[in-house]
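Tertiary structure, described
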Amino acid sequence: SIIISYASQDVVLNMMQASRLFYHEGPKVILQNGALLENAEDVQRFLRFILAEEGSRCRYLTSLSLGFQESALEGAQRLVELLLNNTFPALRALSVECSEKLFRVVPGLASALSTLSSITRVTLEDCGRAACKMLVDMGPKLVVARLIYDVNNEPKLTGIHPLTVLEASRDTLDTLELVFYDGTPHPSLMDVTPFPKMRELEIGWMDPSLVAYAYAFHNVTQISFQVDVACEVPPDAEERKDIRAEVLRVSTWKNLQYVSGLLSDVWASGLACDVQELVIHMDPGDTLGMLIDALNDTRPLELSATVKGPHLFSVDRGLPAVFQQEGATRMTRLRLFITLDPADRDADMAADLVRFHSFQIN
């Protein structure tokens with residue numbers, strides 16, 4: 001016979017209680033980190049885990065990232081059922097890679113995701129008509145949207161402009177990132193309702209014109225142009241002049257706090273209003289004339305500029321001439337990162353720098 005002492009019984013009881021504690025409380029901690037589903041195996045394991053305890057674990061999931069494709073189709077159908085038949089009150093963030101393809105090969109997935117009422121942050125990659133329809137169906141809830149459009153979309157594909165698909169969230173949207181959207185066709189400005197809470201706009205690999213966004217985002221405080229690559233076909237001087245005039249016509253921006261990007265993008269955007277901080281990166285094709293235009297249009301209090309090109313220290317056509325412009329008169333802080341050109345190898349940098357137009361630099 002086996003005799004278990006009271007002490008041993010206490011140990012066994014404590015172990016059983018600890019096991020139950022970990023079984024119930026452990027998933028709460030795990031699901032606080034969200035779920036990343038990259039393949040069929042991930043989907044199957046996730047479904048087994050979250051459906052334990054009769055689906056009560058669903059209430060603790062905070063974020064969901066879908067990176068799988070056709071190989072997980074069977075599991076994806078079960079995922080659709082999970083989303084439709086359970087509630088996810090803590091689920092705030094949704095991310096979907098290859099969204100257009102995934103929504104087309106998994107019937108009902110986009111519709112099921114659109115019913116998640118607690119979602120406030122969305123990232124959609126390769127999005128087109130199906131993904132944009134999901135955004136429309138989500139209704140008024142989004143605070144942050146990151147939309148990477150499918151580069152293979154037809155240029156004139158209608159109904160996918162961010163101002164159209166996010167219209168329901170106009171009273172909640174705070175941050176918007178747009179990549180690969182070529183900007184055409186814009187919705188009629190007469191059909192756009194302003195987004196009063198929009199604060200941060202980031203644009204990458206697309207037409208940098210700000211006309212539609214200047215009209216819709218009255219209270220934006222930060223605009224960033226991604227520095228990976230400039231717009232493929234920048235406007236000429238006359239086209240830029242027209243874009244600038246349109247931005248001025250519709251914009252109510254009084255003072256942006258922060259603007260950053262490649263000089264060519266900032267120059268091409270038509271941005272024309274006072275800016276607190278301007279961060280500029282020059283590409284080899286950019287000119288100091290473009291920098292002069294940008295400074296005169298934005299009149300920054302603070303400037304950080306990465307500059308390159310020949311004759312940067314020439315009094316008449318280099319940086320000293322740039323900082324003699326009207327747009328530099330408000331400046332209180334300047335940071336320059338200079339890539340020297342072989343043509344400047346004999347320049348007396350110290351002597352040339354003191355020729356800058358006089359203004360206080362902290």
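Overview of the structure. (Residues numbered from 1 in each chain as written. Predicted model: local features only at pLDDT ≥ 70, side-chain atom pairs only at ≥ 80, totals over all residues. Heavy atoms only, no water.)

What follows covers the pattern of salt bridges. A full pass over the atoms with the stated rule returns twelve salt bridges. Between Arg-146 and Glu-177 there is a salt bridge whose closest N-O contact spans 2.9 Å. Taken together, the positions of Arg-146 in strand 5 (residues 144-149) and Glu-177 in strand 6 (residues 175-179) put the pair 31 residues apart, joining distant regions of the chain. What makes Arg-146 partly exposed here is its relative accessible area of 30%. Taking the shortest distance from any N to any O, the salt bridge between Arg-244 and Asp-297 comes out at 2.9 Å. In this pair, Arg-244 is assigned in helix 9 (residues 237-250) and Asp-297 in helix 11 (residues 288-298), connecting sequence segments 53 residues apart. (Salt bridge = Lys/Arg side-chain N within 4 Å of Asp/Glu carboxyl O. Helix = DSSP H or I, 4+ residues; strand = E, 2+ residues; numbered from the N terminus. Buried < 20%, exposed > 50% of the residue type's maximum accessible area, 1.4 Å probe, protein only.)

Here we take up unusual backbone geometry. For Glu-53, which is not a glycine, the phi torsion comes out positive at approximately 60°. With respect to the helices and strands, Glu-53 occurs in the loop between helix 2 (40-50) and strand 2 (63-66). Of the residues examined, Glu-53 reaches a relative accessible area of 22% and is grouped as partly exposed. For Phe-180, which is not glycine, the phi torsion reads 70° and is therefore positive. Structurally, Phe-180 is set in the loop between strand 6 and strand 7 (200-204). Taking relative accessible area as the criterion, Phe-180 reaches 30% and is therefore assigned partly exposed.

Positionally, Ser-260 belongs in strand 9 (residues 256-262). Its relative accessible area of 10% is what places Ser-260 among the buried residues. For Ser-260, the side chain forms a polar contact with the side chain of Ser-224, separated by 3.5 Å. Apart from the residues lying within four places of it in its own chain, the contact partners of Ser-260 are Ile-223, Ser-224, Phe-225, Val-266 and Val-279. (Polar contact = N/O pair within 3.5 Å; in protein donor to acceptor, adjacent residues only side chain to side chain. Contact = heavy atoms within 4.5 Å.)

Moving on to the sheet that holds strand 9. The sheet built from twelve strands is open, its strands ordered 1-2-3-4-5-6-7-8-9-10-11-12 with parallel pairing. Pairing within the sheet leaves two strands with one partner each, and these edge strands are strand 1 (35-37) and strand 12 (333-339). Pairs of neighbouring strands in the sheet enclose a mean axial angle of 5°, with direction left out of account. Here four bridges tie strand 2 to strand 3 (residues 93-96), and the two strands are oriented parallel to one another. Paired with Ser-65 across the strands is Ser-95, a residue of strand 3. (Pairing = 2+ DSSP bridges. Axes fitted to C-alpha atoms, helices over the stretch in contact; angles between N-to-C directions.)

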